[in-house]
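Given next are the chains, with one letter for each unit.
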Amino acid sequence: MPAQLPHGSTWEDREHAVHRQAWQYHSDEIALADDLLSHLMRAFRELETVKPLDDAQELTLLLVGGAANFLRSAHNLALDGYYVQALSLVRNAYEYWLAGTWANSTPQDAAKLREESADWPTPSRMKQALAAALAHDASEHDSAEPALGGIYHDLSRFTYPSFASVSGALDSKGTLRSGPFYQRRRLLAFLDLAYETATLLHHLLEQSFPSLRESDWGRRSDELATKVAAWAARQAAEAGEGGSQ
Amino acid sequence: MFSMEPHLTWDNLEKEAYQETLQEHDDEVALADELLTHLVEGVKLLQGSRTTGAAQELTLLVVLSAIRSLKCAFELAFRGYYVEALSLIRNAYEYWLAGAYASCLPNEAPKLKRKNARWPEPSCMRRVVSASIAQSRQESEHFRHGLTKMYGYLSKFTHPSFLCLGAVIERDDRQRMGPFFDRNRLLISLDKAYRTVILLSFLLAHAFPELERSEWSARNDEVAQKVNAWRKEAVPETGA
């Protein structure tokens, strides 16, 4: 397995080349990701005048702020061809959403979670508790927990050493590549999970701040969610066509 | 209390943080570049040579994966994304641990390269690696303690925690979305990243005898000394 290493071009040259390819083939999709991120930032501006905040709202803002930073970082890295690293950071954002949703379902614990000595629940405990809170009956509970865990499990493969994470250094022919290179499949996988996480964060903000739901911001959230759903449907249709050929 | 000035965009905030980093820490930015270049040079020296087994192949894969994670981590830290950088440094550190584990137990390497392989837990890898490096039980415990401490510290940035949430709050106690320059957090991030580069350099030299005999390997010691000297001068105490 000889390594295919750079000849003449710098690491930055290749990042720029991947960046250009990403924009060339996915300009609409990248613009949608930008819109979803800018929309999170706009929520902070909208909420600037909302006072006082209760403990759960304060914690929600901290978590959404942190999650947005993870998503933006991931977005920058994915456009430069660092898909495994980007997907790993989306996992962090998703976990922040999970923590925020959990904190909203147990507002009495929110103040404690901001203390330095706070013992945060593990993701699996949060998923279990949320599934129980969201489900109306046992059959719904059975489907809610795997749904919450599914994305997390997919993303976790890129956080720990695994075939999925180290294969980011292999191209489609199995050749070892030292620097970044454009991979359509991985960029789409990133966009899919980033869109979904951003949309979940929008919902979390609306749950925690009902005034947002009734504002222009809330209407824009709906528009963006519709765009994301249409994109996902197109991807599913393309995948179906590919599979039937 | 939180704020979000209307003129602030992600791009502007990143540029501001990057400019402050360059203004105040250009030496550290240059050192990061030097360290990554050194590591890439080591991999380049292997170009054309045949790997002699699954352990070497796996080492190359994890080192290249770690280099990517560290490259991303440096770029993020320079732009004020410290929690995000530290999270990726943990990934790089874990790649190093997996490579060191494969070096210690080369018979395990073919299994780990399989598509659905379940890789050992980090605690198991730490135990194997420290026992293999150490010459006594006491030394092994000492190494394992050090490895666990570094991993534990980095893990605080991988899951929601007090330390992570603090990064969304500026010095004046305002909460703010988006990156901003923070000297202490930058130095802590760079410290962990530099140390991980050093670990990877020694792993590479150990896994490939042709490198261990080269000038590149001799440069490993120089690079490590440079990082240690910098640490004594610049790094705030984190306990890890």
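Check the entry above for the structure.
Residues numbered from 1 in each chain as written. Chains lettered and ligands numbered in written order. Predicted model: local features only at pLDDT ≥ 70, side-chain atom pairs only at ≥ 80, totals over all residues. Heavy atoms only, no water.

(A) Examining the interface of chain B and chain A more closely. Of the residues lining the interface, 58 residues belong to chain B; the matching set on chain A comes to 66 residues. In this assembly, chain B packs against chain A so that about 5500 Å² is buried in total across both faces, 65% of it on carbon and sulfur atoms. Taken together, chain B and chain A are joined by four salt bridges. Close ionic contact of K71(B) with E12(A) constitutes a salt bridge, the shortest N to O distance being 3.3 Å. Inspection of the chain B/chain A interface yields 14 residue pairs in polar contact (both at pLDDT 80 or more). Those elements that place two or more of their residues in the side of chain B that touches chain A are helix 1 (10-45), helix 2 (54-78), helix 3 (82-104) and helix 7 (162-166) of chain B. Element by element, the count of residues in the side of chain B that touches chain A is highest for helix 2 of chain B, at twelve residues. Of the residues that constitute the side of chain B that touches chain A, the class distribution is 31 nonpolar, 13 polar and 14 charged. (Contact = heavy atoms within 4.5 Å. Buried area = accessible area lost by both parts, 1.4 Å probe. Salt bridge = Lys/Arg side-chain N within 4 Å of Asp/Glu carboxyl O. Polar contact = N/O pair within 3.5 Å; in protein donor to acceptor, adjacent residues only side chain to side chain. Helix = DSSP H or I, 4+ residues; strand = E, 2+ residues; numbered from the N terminus. Nonpolar A, V, L, I, M, F, W, Y, C, P; charged D, E, K, R; others polar.)

(B) Examining empty space enclosed by the protein more closely. Under the definition given, this model contains four cavities of 30 Å³ or more. Taken as a whole, the largest cavity encloses approximately 120 Å³ of empty space. Lining the largest cavity are 16 residues, with N69(A), G80(B), V83(B), E84(B) and A167(B) positioned closest to its centre. Listing elements by their share of the lining of the largest cavity, those giving two or more residues are helix 2 (55-79) of chain A together with helix 3 of chain B. Across the lining of the largest cavity, the residue classes tally to ten nonpolar, four polar and two charged. Roughly 70 Å³ of internal volume is contained in the second largest cavity. Looking at the second largest cavity, it is lined by 13 residues, and the ones nearest its centre are V84(A), Q85(A), G168(A), A169(A) and R68(B). Every element with two or more residues in the lining of the second largest cavity is listed here: helix 3 (83-105) of chain A together with helix 2 of chain B. When residues in the lining of the second largest cavity are grouped by element, the largest group, three residues, is from helix 3 of chain A. Partitioned by chemical class, the residues of the lining of the second largest cavity number five nonpolar, six polar and two charged. (1 Å grid on protein atoms, 1.4 Å probe; cavity = no way out; pocket = protein on both sides within 12 Å on 5 of 7 lines; lining within 4 Å. Points joined across faces, edges and corners; volume = space filled by probe spheres on them.)

(C) The arrangement of the packing of helix 1 of chain B against helix 2 of chain B in detail. Residues and elements named next belong to chain B. For the pair helix 1 and helix 2, interaxial distance at closest approach is 9 Å and the crossing angle is 170°. Taken together, the axis directions place helix 1 and helix 2 in an arrangement best described as roughly antiparallel. Counting all contacts with helix 1, which are made through A17, Y18, T21, V29, A32, L36, L39, V40 and V43, the residues of helix 2 involved are L60, V63, L64, I67, L70, K71, F74 and F78. A per-class count over the contact of helix 1 with helix 2 returns 15 nonpolar, one polar and one charged. (Axes fitted to C-alpha atoms, helices over the stretch in contact; angles between N-to-C directions. Parallel < 35°, antiparallel > 145°, perpendicular 65-115°, else oblique.)

(D) Main features of the environment of S38(A). Mapping S38(A) onto the fold places it in helix 1 (residues 11-46). Through-space distance from the C-alpha of S38(A) to that of A169(A) is 31 Å; in sequence the pair is 131 residues apart.

(E) Representation of helix 1 of chain B within the structure. In this model, helix 1 of chain B (36 residues) spans only 39 Å end to end at C-alpha, well below the 52 Å of a helix rising 1.5 Å per residue. At H25(B), helix 1 of chain B shows its maximal kink, close to 100°. (Expected span 1.5 Å × (residues − 1). Bend = angle between axes of the 7 residues up to and from the residue.)

(F) Spatial organisation of the layout of surface pockets. Empty space within the largest pocket amounts to approximately 1100 Å³. Taken together, 37 residues form the lining of the largest pocket, with S156(A), R157(A), F158(A), S162(A) and A164(A) sitting closest to its centre. Those elements giving two or more residues to the lining of the largest pocket turn out to be helix 3, helix 6 (138-156), helix 7 (163-166) and helix 8 (184-208) of chain A together with helix 5 (122-133) of chain B. Tallied by class, the residues present in the lining of the largest pocket amount to 18 nonpolar, eight polar and eleven charged. Each pocket or cavity is described by its volume, and for the second largest pocket that value is around 990 Å³.

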